[in-house]
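This is what each chain is made of:
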Amino acid sequence: AQSVTQPDIHITVSEGASLELRCNYSYGATPYLFWYVQSPGQGLQLLLKYFSGDTLVQGIKGFEAEFKRSQSSFNLRKPSVHWSDAAEYFCAVASMDSNYQLIWGAGTKLIIKP
Amino acid sequence: DGGITQSPKYLFRKEGQNVTLSCEQNLNHDAMYWYRQDPGQGLRLIYYSQIVNDFQKGDIAEGYSVSREKKESFPLTVTSAQKNPTAFYLCASSIGEGARYEQYFGPGTRLTVT
């Protein structure tokens, strides 16, 4: 079955440290890949997306993600986190296998230590 | 300011009662979506609508109903047939089918049924 896996339920990072959130997917067809962020009590916001081309994509708020086809991964990174980055992050995938509907990971909650 | 409003933020109902969740957008978007979010799970699509007076079932439509009589409004009714209605419900919209992945989300409604 098609699935999106975010292996880390919670991640704690010190302010100013680097961040990597993992996302793996299982799809046969070439996927479209997305990261969304949900701040407490708010709706989700699109951070970045990958459709094709350069496998390193830049998003808003200083985030980037790299598509690695061989590893079926689309990990989210930020070189230096800020306290305002504390939120829940969702990876989502769409492909021909899902009839191009978004399939969502379970989310990773990012906690920032002062 | 343009955006999506969902009301109320918290909703409590007795088992066996139907309840309608409101979703309004002033973004002039053609497409609208309803998702259900449960702890430890990704978002799951309930219904979506690409244009007025048309909507399609998502992955978990059983026990839910929607209408799309106006472009800006997409209310969701949780019926008594929904076996486990307690959840966080998110409404989203996108410019249209061609940009369905760039979704804008409302703040959500937390429904508790006892």
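Residues numbered from 1 in each chain as written. Chains lettered and ligands numbered in written order. Predicted model: local features only at pLDDT ≥ 70, side-chain atom pairs only at ≥ 80, totals over all residues. Heavy atoms only, no water.

J.: An account of the overall build of chain B is needed here, citing residue identities and associated values.
T.: Assigned secondary structure in chain B consists of zero helices and 11 strands. For chain B, whose C-alpha radius of gyration is 13 Å, the value lies close to the compact-globule estimate of 13 Å for 114 residues. Its C-alpha atoms give chain B principal-axis dimensions of roughly 40 × 30 × 25 Å. Counting every position in chain B, which comprises 114 residues, the buried fraction comes to 47%. The long-range share in chain B, meaning contacts at least 24 apart out of those at least 6 apart in sequence, stands at 52%. Accessible area for chain B stands at about 5,600 Å²; split by element, carbon and sulfur atoms hold 47% of it. Of the side chains in chain B, 12 bear a positive and 12 a negative charge, and the two mean positions are spaced by 7 Å. (Helix = DSSP H or I, 4+ residues; strand = E, 2+ residues; numbered from the N terminus. Rg over C-alpha atoms; globule rule 2.2 N^0.38 Å. Buried < 20%, exposed > 50% of the residue type's maximum accessible area, 1.4 Å probe, protein only. Contact = heavy atoms within 4.5 Å. Areas by Shrake-Rupley, 256 points an atom, 1.4 Å probe, with all protein chains shown as cover. Lys, Arg positive; Asp, Glu negative; His and termini not counted. Charge placed at Lys NZ, Arg CZ, Asp CG, Glu CD.)

J.: Let's hear about the environment of Glu72(B): which residues, and what values?
T.: Residues and elements named next belong to chain B. Positionally, Glu-72 belongs in the loop between β7 (64–66) and β8 (76–78). Of the residues examined, Glu-72 reaches a relative accessible area of 34% and is grouped as partly exposed. Distance from Glu-72 to Leu-21, taken between C-alpha atoms, is 14 Å for residues 51 residues apart in sequence. Once you skip the residues sitting within four places of it in the chain, Glu-72 turns out to touch Cys-23, Glu-24, Gln-25 and Met-32.

J.: So what's going on with the sheet that holds β8(B)? Which residues, and what values?
T.: Residue and element names in this part refer to chain B. Taken together, the four strands give an open sheet; going across it, the order is β1-β3-β8-β7, and neighbouring strands pair in antiparallel fashion. The open sheet has two edge strands, β1 (4–7) and β7, and neither has a second partner. Strand-to-strand twist across the sheet, computed as the mean angle between neighbouring axes with direction ignored, equals 20°. Direction of pairing for β1 relative to strand β3 (residues 19–25): antiparallel, over a ladder of four bridges. Each residue of the ladder has a partner; that of Ser-7, found in β3, is Ser-22. (Pairing = 2+ DSSP bridges. Axes fitted to C-alpha atoms, helices over the stretch in contact; angles between N-to-C directions.)

J.: Any details on the state of the cysteines? Residues and values, ideally.
T.: Scanning the entire structure with this criterion turns up two disulfides over all chains. The disulfide that involves Cys23(A) links it to Cys91(A), with 1.9 Å between the sulfurs. Here Cys23(A) and Cys91(A) share a disulfide; its torsion about the S-S bond, -65°, makes the bridge left-handed. You can see Cys23(A) sitting in the loop between β3 (19–21) and β4 (24–26) and its partner Cys91(A) sitting in strand β10 (residues 87–94), a full 68 residues away along the chain. Residue class for Cys23(A) comes out buried when judged on its relative accessible area of 0%. Disulfide pairing places Cys23(B) opposite Cys91(B) at an S-S distance of 1.9 Å. Its S-S torsion of approximately -70° makes the covalent link between Cys23(B) and Cys91(B) left-handed. Of the two residues, Cys23(B) sits in strand β3 while Cys91(B) sits in strand β9 (residues 87–94), which places them 68 residues apart along the sequence. (Disulfide = S-S within 2.5 Å.)

J.: Now, about the side chain of Thr109(B): what can you tell me, with residues and values included?
T.: All names here are of chain B. Among the structural elements, Thr-109 can be located in strand β11 (residues 109–113). Within the local environment of Thr-109, its side chain forms a polar contact with the backbone oxygen of Pro-8, the two atoms lying 2.6 Å apart. Among residues more than four places away in sequence, those in contact with Thr-109 are Gln-6, Ser-7, Pro-8, Lys-9, Leu-11, Leu-21, Ala-87, Phe-88 and Tyr-89. (Polar contact = N/O pair within 3.5 Å; in protein donor to acceptor, adjacent residues only side chain to side chain.)

J.: Give a description of the pattern of salt bridges that names residues and reports values.
T.: Tallying each qualifying case throughout the model produces eight salt bridges over all chains. For the salt bridge of Asp8(A) with Arg22(A), the shortest nitrogen-to-oxygen distance reads 3.0 Å. With a gap of 14 residues between them, Asp8(A) in the loop between β1 (3–5) and β2 (10–14) and Arg22(A) in the loop between β3 and β4 connect regions that are remote in the sequence. Salt-bridge contacts for Asp30(B) lead to Lys71(B); the nearest nitrogen and oxygen are separated by 3.3 Å. Remark: Lys71(B) occurs in the loop between β7 and β8 and Asp30(B) occurs in the loop between β3 and β4 (31–37); sequence separation between them is 41 residues. When its relative accessible area of 26% is taken as the criterion, Lys71(B) is described as partly exposed. Residues joined in a network through salt bridges with shared partners are Glu64(A), Glu66(A) and Arg77(A). (Salt bridge = Lys/Arg side-chain N within 4 Å of Asp/Glu carboxyl O.)

J.: Could you give an account of the confidence of the model for chain A, naming the residues involved and the relevant values?
T.: Looking at chain A as a whole, the pLDDT averages 91, with 98% of positions reaching at least 70. By mean pLDDT, the top-scoring element of chain A is β3(A) (98), and the lowest-scoring one is strand β11 (residues 103–104) of chain A (90). (pLDDT = per-residue confidence, 0-100.)

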